[in-house]
Amino acid sequence: MYDSIVIGAGVAGSVIARELAERGNRRVLVLEKRGHIAGNCYDCPDEHGVLIHLYGPHIFHTSIRRVREYFSRFTQWYDFGHKVVANVHGRLIPVPFNLNTLHMVYEKEKADRLERLLTEAFGEGSRVPILKLREYPDREIQEIADYVYENIFLHYTMKQWGQTPEEIDPAVTGRVPVVISRDDRYFQDPWQSVPQEGFTEMFRHMLDHEKIEVRLNTDARDQIEIRDGMVYVEGSPFCGDVVYTGPLDELFGCRFGRLPYRSLDFAFEHYDAQDYQGHSVVNYTVSEDYTRITEFKHLTGQKIDGTTIVKEYPKAYEGGEGEIPYYAISNPANEALYKRYRELTAPLEKFHLLGRLAEYKYYNIDAMAERALALADKLLGETPGATGGRA
Ligand code: FAD
Ligand code: UDP
């Protein structure tokens, strides 16, 4: 009946399914455990008609031309430069910490001097991870580093990860470096947008292909079994490609123990007001139990009366009913555990792990799509299209 099976209808699953169907002319079955497509990018109108992102705010930002052009086949864009502010003891300052922030925090003469020092030390336009800035052997630069560490990173990271910035993978805090320029945007990518009709619509168009069948509310673990170096689908051996984008430990009944993840609780609130906070995202970096508040209408550009916000409360993932593993916790012990699970799939030539869960890595949407396109290139025996390359 099917040539290929894709498990999960998020970014990874939707892109690979479309590619195998369209470029590979294959019949593709997509199994999705939730009642909707789009994975964690899922958005929908709430009961007041406000377009919300059910699993936290998602902004598509990229410098990968191939991915931008690929997604543009399925949507028009609402483009903007995404900005975030931090609420530090009631005062709102731009994040990532940049030269504008510096001038808000210090009086003019000192800020001018510190700006010169930072520019001489790192070069104009550079992006310096906070942990690197803290190591810099200059007393005044260390003073800035201490300010940024204490007011932007320490408490937020403790909330998000339950650990200090030193205890987690440095790549995580490196995602939000100190920026030695006046650029206030959260990301530096040339393309920063949300799909005009929302992410769900974009993925609906992607999956809308005569050779793709999507089955929602279907947990692949009820249909697929791996034993004796073979993949069985509903009891019969399956010889086509299977792409798995779910959590790898769950596929094997967590037999070596659970892979650790961080999870989140989302608390949505609606107000009969035009505006709640005047910004799409406010990070609470020194106070509150939640990490940030997103006000959706500022993110999506939707013109509507009333406004909906969401607060994010981080927590440990325990694998309970309905809990979602959002963030892999990258450290040597967890990587080693992941590897043990991955080895169980090594004999399976046509079984492919793809996605932030299956690969146990933090991927942004664009990096995820790039990997899915690369896997399609490999499975279809083709080299990347002429549109490859970065802007
Ligand atoms: P997912 O979206 O998780 O999709 C996996 C799918 O597989 C899910 O739908 C799941 O239900 C399904 N599945 C799992 N197990 C099974 C099973 N056994 N059977 C059937 N189906 C199964 N990235 C950005 O680029 N910009 C952002 O602003 C951004 N914000 C984020 C905010 C938050 C709070 C989080 C958590 C992530 C954010 N990301 C952002 C990252 C983005 O969500 C990921 O890059 C993207 O979702 C990865 O896609 P995926 O397909 O790997 O995973
Ligand atoms: N971070 C922080 N304060 C901030 C923003 C980010 O401490 O105001 C740290 C925190 O550890 C976070 C990491 O930087 O997990 C990466 O932030 P990013 O916004 O990229 O995380 P995402 O929202 O994508 O998970």
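The structure we're discussing is the one just above.
Residues numbered from 1 in each chain as written. Chains lettered and ligands numbered in written order. Predicted model: local features only at pLDDT ≥ 70, side-chain atom pairs only at ≥ 80, totals over all residues. Heavy atoms only, no water.

Caption draft 1: The arrangement of the sheet that holds strand E13 (residues 224-227) in detail. Spatially, three strands are ordered E13-E14-E15 in an open sheet, and the strand pairing comes out antiparallel. Whereas interior strands pair on both sides, the edge strands pair on one side only; in this sheet they are E13 and strand E15 (236-237). One ladder, built from four bridges, connects E13 with strand E14 (residues 230-233); its direction is antiparallel. Residue pairing across strands places Glu225 opposite Tyr232, the latter belonging to E14. (Pairing = 2+ DSSP bridges. Helix = DSSP H or I, 4+ residues; strand = E, 2+ residues; numbered from the N terminus.)

Caption draft 2: Expanded view of the site of ligand 2. Taken together, 16 residues lie around ligand 2, and Ile152, Trp161, Arg175, Tyr186 and Tyr327 are the ones closest in. Within the contact set of ligand 2, a nitrogen atom lies 2.9 Å away from a backbone nitrogen or oxygen of Ile152. One of the side-chain nitrogen or oxygen atoms of Arg175 is found 2.7 Å away from an oxygen atom of ligand 2. Out of a free accessible area of 520 Å², ligand 2 has 94% covered by protein chains. At the level of elements, helix H6 (139-161) and helix H7 (170-173) are the ones that each hand at least two residues to the shell around ligand 2. For the shell around ligand 2, the element with the most residues is H6, which contributes six residues. Taken together, the residues of the shell around ligand 2 sort by class into nine nonpolar, five polar and two charged. (Near = heavy atom within 4 Å. Polar contact = N/O pair within 3.5 Å; in protein donor to acceptor, adjacent residues only side chain to side chain. Areas by Shrake-Rupley, 256 points an atom, 1.4 Å probe, with all protein chains shown as cover. Nonpolar A, V, L, I, M, F, W, Y, C, P; charged D, E, K, R; others polar.)

Caption draft 3: Examining the packing of aromatic side chains more closely. With the rule as written, the count across this model stands at 21 aromatic pairs. Consider the rings of Phe256 and Tyr341, whose centres lie 5.0 Å apart with planes at 45°: the pair is tilted. Residue Phe256 is located in the loop between helix H9 (248-251) and strand E17 (261-271), and its partner Tyr341 is located in helix H11 (residues 332-345); the two are separated by 85 residues in the primary sequence. The exposure class assigned to Phe256 is partly exposed, which follows from its relative accessible area of 28%. (Phe/Tyr/Trp six-rings, centres within 6.5 Å; stacked < 30°, edge-to-face > 60°. Buried < 20%, exposed > 50% of the residue type's maximum accessible area, 1.4 Å probe, protein only.)

Everything listed here is a matter of coordinates, which is why it stays silent on function.
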